[in-house]
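Per-entry structural report
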Amino acid sequence: MKALDELTFDNRFARLGDAFSTHVLPEPIADPRLVVASPTAMALLDLDPAIAETQEFAELFSGHKLWAEAEPRAMVYSGHQFGSYNPQLGDGRGLLLAEVYNEAGEHWDLHLKGAGQTPYSRMGDGRAVLRSSIREFLASEALHALGIPTTRALCVIGSSTPVWREKQERGAMLLRLSPSHVRFGHFEYFYYTKRPEQQKQLGEHVLAMHFPECLEQPEPYLAMFREIVERNAELIAKWQAYGFCHGVMNTDNMSILGITFDFGPFAFLDDFDAQFICNHSDDQGRYSFSNQVPIGQWNLSALAQALTPFISALALRETLGLYFPLYQAHYLDLMRRRLGFTTAEDEDQKLVEGLLQLMQNSGVDYSLFFRRLGNESAKLAVARLRDDFVDLQGFDAWAERYTARVAREGSDNQEQRRSRMHAVNPLYILRNYLAQKAIDAAESGDYQEVRRLQAVLSNPFEEQPGMESYAERPPEWGKHLEISCSS
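Keep in mind that what you see is a predicted model, and the values were worked out from it rather than measured. (Residues numbered from 1 in each chain as written. Predicted model: local features only at pLDDT ≥ 70, side-chain atom pairs only at ≥ 80, totals over all residues. Heavy atoms only, no water.)

1. Concerning the overall build of the chain
Selection criterion: Secondary structure follows DSSP: runs of H or I at least 4 residues long count as helices, runs of E at least 2 residues long count as strands, and numbering of each begins at the N terminus. C-alpha atoms define the radius of gyration in this analysis, and the globule rule sets the expected value at 2.2 Å times the number of residues to the power 0.38. Relative accessible area decides the class of each residue, using a 1.4 Å probe on protein chains only: under 20% of the type maximum gives buried, over 50% gives exposed, and in between gives partly exposed. For this analysis, residues touch if any pair of their heavy atoms sits within 4.5 Å. What sets the accessible areas is the Shrake-Rupley method with a 1.4 Å probe; for residues, cover comes only from the shown protein chains. Counting rule applied: Lys, Arg positive; Asp, Glu negative; His and chain ends not counted. Positions of charges follow a simple convention, taking NZ of Lys, CZ of Arg, CG of Asp or CD of Glu.
Looking only at helices and strands, the chain features 16 helices and 13 strands. In terms of overall dimensions, the chain is globule-like: its C-alpha atoms have a radius of gyration of 23 Å, near the 23 Å expected for 487 residues. Seen through its C-alpha atoms, the chain measures out along the principal axes to roughly 65 × 55 × 45 Å. The 487 residues of the chain split such that 59% are buried. Across the chain, the fraction of contacts at a sequence separation of at least 24, relative to all contacts at a separation of at least 6, is 72%. Of the accessible surface of the chain, which amounts to about 19400 Å², a share of 50% is contributed by carbon and sulfur atoms. Put simply, the chain has 47 plus and 66 minus side-chain charges, and the middle of one group is 2 Å from the middle of the other.

Put into structure tokens, the structure is as follows:
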């Protein structure tokens, strides 16, 4: 394990120069104190989790102190926001503090969110508040535990610094880890500002740092774009299979690595609703749960346009055509496993679609249904779940097809079935009301609940004694929390 002063720095993005980012020092927050830290994220930097309780840790990750080797930079990029192009965005409240590499040779960006104003803050104060920092921390670590590609969250540092949103709140900082913070919007920025030299420099940097295997291909940029398409198809398949709603799928919030990036008004589904809109600011439902799949392709199309200097339009179109088939294959594979199947049949898609329609019509809890489906044999499980549905005749017809499907592949050994299904169907998910209870306690100075919730979510598939309340259906008030972009 390393001490805080033993990190090894290699600030690769900073070396690209001032066309790509601006040197900015973080603005410290007052009275920094640890709210919560992730032991597994700290391990990525070879740090002992006990270090998180030290004052030096709180000071380094709140801008009070800087490593001598750190080169804090605010990145510039653009992007399509709710379908409209915004010519210049950038890190308005965050800084790429530095890049480090661990003993395994992995590079990690240290990104401080809530670090104060930058040249890209526009009218904002550059700050983050405690509630939004806690939400991103919990989401990052919860998704990782579910096996969904995501940025990681090292810690949240709280303060006594006042920050005004709809009301006065407390400022906080989140330290985010990612192999890269390059977004689709980075390529869009240099494409639309007609800076081919910088765009080529960015492309070569991304290829060398993050897609080195593509350099061995006859057309490296095309190989890279194909990899990005494949990663995003798989990522969004996992979002849909596990009921995760991102809420703000703007192209500046899409990682070039195909990982979940920039959490705002996210939510996991409680009752299944394909049209669910988790972002209170999304009046038109552009980023509703069901729209995430086509929006994924829309965003890839925007990136493709920015890559036209390097790749032919025909090759880009052909590669984009891979997205939906790849998505469907990944999604159906995940849903088969969630249903307990070990083989594939042609009618499986209809079986999944039929179930989701029944769940939609009856307001069935999405996560708990799949968990309980694996508690016992298929026949006993569907009999016990039957009362959750309004359309009993429709559910009985589906249950008959389902149990016959299980019987055909001979995978109804109760213990094997339970073990197999519980390994992919979480008992604990980050419901909005659970996050809100942890935030309410933290805002009153009690950080134990957010730490307890993070610990529970870090092991979502295993039953944890004494934590039964975290696996219950939410109360009615908990299903209708309004989350906006400021959250």
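The rest of the description comes next.
2. Section: the pairing of strand S11 (residues 168–178)
This is how the line gets drawn: Strand pairing is assigned whenever DSSP identifies at least 2 bridges connecting the two strands.
S11 sits mainly inside the fold: 9 of its 11 residues count as buried. Sheet analysis places strand S8 (residues 107–113) next to S11, joined by 5 bridges and oriented antiparallel. Each bridged residue has a counterpart across the sheet, and for His111 the counterpart in S11 is Arg176. Here 9 bridges tie strand S10 (residues 152–164) to S11, and the two strands are oriented antiparallel to one another. Across the sheet, residue Ile157 finds its bridge partner in S11, namely Met173. Remark: 3 residues form the turn of the hairpin made by S10 and S11, two consecutive strands paired antiparallel.

3. Thoughts on the pattern of salt bridges
Rule in force here: Salt bridge, as applied in this entry: a Lys or Arg side-chain nitrogen positioned within 4 Å of an Asp or Glu carboxyl oxygen.
For the structure on display, the rule yields 33 salt bridges. With its nearest N and O atoms 3.0 Å apart, the salt bridge here joins Glu227 to Arg231. Residue Glu227 and its partner Arg231 are both found in helix H6 (residues 220–242); the two are separated by 4 residues, about one turn of the helix. A salt bridge links Asp271 to Arg473; the nearest nitrogen and oxygen atoms lie 2.6 Å apart. Of this pair, Asp271 sits in the loop between strand S13 (267–268) and helix H7 (292–306) while Arg473 sits in the segment after helix H16 (448–457); the two residues are 202 residues apart in sequence, bridging distant segments of the chain. According to the relative accessible area criterion, Asp271 is partly exposed, its value standing at 22%. The partly exposed category is assigned to Arg473, whose relative accessible area is 34%. Residues joined by salt bridges that share partners form a network here, namely Asp91, Lys113, Glu136, Arg176, Arg183 and Asp262.

4. A short note on the UniProt feature "active site" (unreviewed entry) in the chain
Heads up, the rule is: UniProt positions are given in the numbering used here, feature names are shortened, and annotations may be inferred rather than shown by experiment.
UniProt records the feature "active site" (unreviewed entry) at Asp252, using the numbering of this structure. Locating Asp252 in the fold gives a position in the loop between strand S12 (244–245) and S13. Classification of Asp252 as buried rests on a relative accessible area of 7%. Discounting chain neighbours no more than four positions away, the residues touching Asp252 are Tyr77, Ser78, Gly79, His80, Gln81, Leu89, Arg183, Gly185, Phe261 and Asp262.

5. Here's the deal with the domain arrangement of the chain
What counts is decided by this rule: Start and end points for every domain follow an automatic or database-based domain assignment.
Once the domains are mapped, the chain shows domain 1 (8–184) and domain 2 (343–411). Centre-to-centre, using C-alpha coordinates, domain 1 lies 43 Å away from domain 2.

6. Remarks on the nonpolar core
Put simply, the rule is: Here the nonpolar core consists of buried residues drawn from Ala, Val, Leu, Ile, Met, Phe, Trp, Tyr and Cys, with membership extended through side-chain atoms lying within 4.5 Å.
Within the largest apolar cluster, 160 residues are counted, with the highest numbers of intra-cluster contacts made by Phe57, Phe369, Trp398 and Tyr402. In terms of residue count, the dominant contributor to this core is H6 (14 residues). A domain-level breakdown of this core finds at least three residues from each of domain 1 (8–184) and domain 2 (343–411). Not counting the four nearest positions on each side in its chain, Phe57 is found in contact with Leu4, Leu34, Met42, Ile51, Ala52, Leu154, Cys155 and Ile157.

7. Structural notes on the packing of H6 against helix H9 (residues 323–338)
To keep things clear, this is the line we draw: An axis is simply a line fitted to the C-alpha atoms; with a helix, the fit covers only the stretch in contact. Between two such axes, the angle follows the N-to-C directions and lies from 0 to 180 degrees. Crossing handedness is defined as follows: a turn of the near helix away from the far one that is anticlockwise and smaller than a right angle gives a left-handed crossing, while the clockwise case is right-handed.
Running from amino to carboxyl end, H6 crosses H9 at an angle of 35°, the nearest separation of the two axes being 8 Å. Handedness of the H6/H9 crossing: right-handed. For the pair H6 and H9, the contacting residues are Val229, Glu230, Asn232, Ala233, Glu234, Ile236, Ala237, Lys238, Gln240, Ala241 and Tyr242 in the first and Tyr323, Leu326, Tyr327, His330, Tyr331, Leu334, Met335 and Arg338 in the second.

8. Some words on the UniProt feature "binding site: Mg(2+)" (unreviewed entry) in the chain
Sequence positions flagged by UniProt for "binding site: Mg(2+)" (unreviewed entry) are, in local numbering, Asn253 and Asp262. By the secondary structure assignment, Asn253 is in the loop between S12 and S13. Of the residues examined, Asn253 reaches a relative accessible area of 10% and is grouped as buried. Excluding its chain neighbours within four sequence positions, the residues that come into contact with Asn253 are Arg183, His246, Val248, Phe261 and Asp262. Relative to the helices and strands, Asp262 resides in the loop between S12 and S13. By relative accessible area, Asp262 is classed as buried at 13%. If sequence neighbours within four positions are ignored, Asp262 has contacts with Lys113, Arg176, Arg183, His246, Asp252 and Asn253.

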